[in-house]
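Below, each chain spelled out in residue letters.
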Amino acid sequence: MKLRLMLICMALLTVPCSMKSQEIFVPNAKGDITPLTKAVVMGNKTSGKAWLSFYGAKLTTSLVIDGKFSNTVLPKASTVFYIFNPKNISIQAWKMIPLKTKKDKRELPYMKTGAYSGSKTQIEEIALMVTKITDEIYELRPMADIKSGDYAMVLIENGTPEMIFDFHVEENLPPYPQVSNDVLLAEFNPGGRTSSSSALSSDSGMSASIIRWFFDSDPRGARIFYRVISNVPAEVKNTNESYMTTTPLEETRALNIPGLTYENSANVVIEIKLTKRGYEDQIKRYNLRQALDQQEISGFFEMVERK
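Thresholds applied
By convention here, each chain's residues receive numbers from 1 onward along its written sequence. Note on the predicted model: pLDDT of at least 70 is required for a residue's local features to be given, and 80 or more for side-chain atom pairs to be given and counted; whole-chain, interface and lining totals, by contrast, use all residues. Working from all heavy atoms in the structure, the side-chain values ignore hydrogens and water. Strands here are runs of E lasting at least two residues and helices are runs of H or I lasting at least four, both read from the DSSP assignment and numbered beginning at the N terminus. Think of it in three bands: residues with accessible area under 20% of the maximum for their type are buried, residues over 50% are exposed, and the middle band is partly exposed, with areas taken using a 1.4 Å probe on protein chains only. Two residues qualify as a contact provided that any one of their heavy atoms is within 4.5 Å of a heavy atom in the partner residue. Using the Shrake-Rupley algorithm and a 1.4 Å probe, accessible areas are obtained, with residue cover drawn only from the displayed protein chains. Here a cavity means grid points, on a 1 Å grid over the protein atoms only, where a 1.4 Å probe fits yet cannot get out; a pocket means an open set of points with protein on both sides within 12 Å along at least five of seven lines; lining residues are those with an atom within 4 Å of a point. Grid points are joined across faces, edges and corners, and a volume is the space filled by probe spheres set on the points. By the convention adopted, Pro, Cys, Tyr, Trp, Phe, Met, Ile, Leu, Val and Ala count as nonpolar, Lys, Arg, Asp and Glu as charged, and the other residues, Gly among them, as polar. Working definition of a nonpolar core: buried Ala, Val, Leu, Ile, Met, Phe, Trp, Tyr and Cys residues. They are joined through side-chain atoms within 4.5 Å. Just to be clear on terms, a salt bridge is a Lys or Arg side-chain nitrogen sitting within 4 Å of an Asp or Glu carboxyl oxygen. pLDDT is defined as a per-residue confidence score from the predictor, taking values between 0 and 100. N or O atoms within 3.5 Å of each other form a polar contact, as long as, within protein, one can give a hydrogen and the other can take it, and as long as residues adjacent in sequence are counted only when both atoms are side-chain atoms. At least two bridges found by DSSP between two strands is the condition for calling them paired. Only the stretch in contact is used when a helix axis is fitted, and all axes are lines through C-alpha atoms; the angle between N-to-C directions ranges over 0 to 180 degrees.

1. Here's the deal with the overall build of the protein
The number of helices and strands found in the protein is 4 helices and 21 strands. Of all 307 residues assigned to the protein, the portion counted as buried reaches 43%. Sequence-distant contacts, at least 24 apart, represent 69% of the contacts inside the protein between residues at least 6 apart. When the accessible surface of the protein is totalled, it reaches about 17,200 Å², and 51% of it is carbon and sulfur.

2. Re the layout of surface pockets
In this structure, the second largest pocket occupies an estimated 210 Å³ of space. Surrounding the second largest pocket, 16 residues form its lining, Gln92, Lys95, Glu125, Leu128 and Gln295 being those nearest its centre. Mapped onto the lining of the second largest pocket, the elements with two or more residues apiece are β7 (94–98), β11 (128–132) and β15 (210–218). Broken down by element, the residue count for the lining of the second largest pocket peaks at 3 residues, all from β15. In terms of residue class, the lining of the second largest pocket is made up of 8 nonpolar, 4 polar and 4 charged.

3. A few points about the environment of threonine 245
Turning to its location among the elements, threonine 245 is positioned in strand β17 (residues 242–246). By relative accessible area, threonine 245 is classed as partly exposed at 26%.

4. Structural notes on the nonpolar core
If you look at the biggest cluster of nonpolar residues, it comprises 27 residues, and the most contacted ones within it are Phe215, Leu255, Ile272, Leu288 and Ile297. The set of elements that each furnish at least two residues to this core consists of β15, β16 (223–230), β19 (268–275), α4 (288–294) and β21 (296–302). No other element matches the 4 residues that β19 contributes to this core.

5. As for the pattern of salt bridges
Inspection of every chain in the model, using the stated rule, returns 16 salt bridges. Between arginine 220 and aspartate 216 there is a salt bridge, with its nearest N and O atoms 2.8 Å apart. With a relative accessible area of 51%, arginine 220 lands in the exposed category. Given the relative accessible area of 8%, aspartate 216 is considered buried. Notably, a salt bridge pairs glutamate 271 with arginine 285, separated by 2.9 Å at the nearest N-O pair. With a gap of 14 residues between them, glutamate 271 in strand β19 and arginine 285 in strand β20 (residues 282–287) connect regions that are remote in the sequence. Glutamate 271 sits in the buried class, given a relative accessible area of 4%. With a relative accessible area of 54%, arginine 285 lands in the exposed category. In this structure, a network of salt bridges that share partners links the residues Lys76, Asp145, Lys147 and Glu171.

6. Overview of the confidence of the model for the protein
In the predicted model, the protein carries a mean pLDDT of 80, and 81% of its residues have values of at least 70. Low pLDDT, under 50, characterises residues 190–204; the stretch is placed with 23 contacts to residues that sit more than four places away or in other chains.

7. Brief notes about the side chain of glutamate 107
Here glutamate 107 shows up in strand β9 (residues 105–114). According to the relative accessible area criterion, glutamate 107 is buried, its value standing at 8%. A polar atom in the side chain of glutamate 107 sits 2.7 Å from the side chain of lysine 45. Discounting chain neighbours no more than four positions away, the residues touching glutamate 107 are Lys45, Ser62, Leu63, Leu99, Lys100 and Lys102.

8. Some words on the sheet that holds β7
Strands sit in the order β5-β14-β13-β7 across an open sheet of 4 strands; the sheet is mixed. At either end of the open sheet lies a strand with only one pairing partner, and these are β5 (73–75) and β7. Between one strand axis and the next, the sheet turns by 40 degrees as a mean value, whatever way the strands run. Taken together, the 3 bridges between β5 and strand β14 (residues 160–170) define a ladder with parallel strand orientation. Opposite proline 75, over in β14, you have glutamate 170 as the bridge partner.

Below, the structure is given as structure tokens:
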């Protein structure tokens, strides 16, 4: 029995662990990255008058976070997060949420409760642009114009905050140096500093950005086709039409456009065409710079009967 236990322990010790377990890193002044520390949660707080809930008012449940300020301070221009996210967890589960300062504590409101509506997760979420670096490493950055103050990166699972990393954003600080992919791989995958080309996909720029696709039509059941139209064919190639599905379509997926960067995205459009028997074809075009900024490509098509 003792021998068996020893063998199990030896096996556990020798299992390779090249990746870090669901950590968040941020840039620093040296051009490197620093891990964010988890917030110290002191408990829950419910605000509002319970008796008013019978008249439609709602109670707010917040997590109470220790400290008036976070120890981690980021320049506004360098508010970027690098996350190791296992494949079994959606990257969309990570949310950036502003914190409310209350004397020497901070609060993270996350739930509303009404006498008739029950409890429902409700957060003040800041939209994030998601860029896939490798299969399990992502870059997240806010799309909105954020102000100085305290915020948190929060992993929401089943409507409840499970992991919370707090930080402070300062508008007046100069930006930190840009972090290279080699630095990221060296941190997340020790020994990978010299092999970034094999670890990263060839289109690890904006081509791997994950955005929301939503299209609908009246009547429904129209076929959806898309193609890439580029004004910079040396960088981003034009493509032929590809069939997606029929309306309605709502999904989150990567762009998967080789060569696409944020800099050249203003010169690239996605053409969406809807066809349905007995109706005229409908075409709309979407500028990719705008799609990346909004993290969405969406449209509603009024189908016109063919005469």
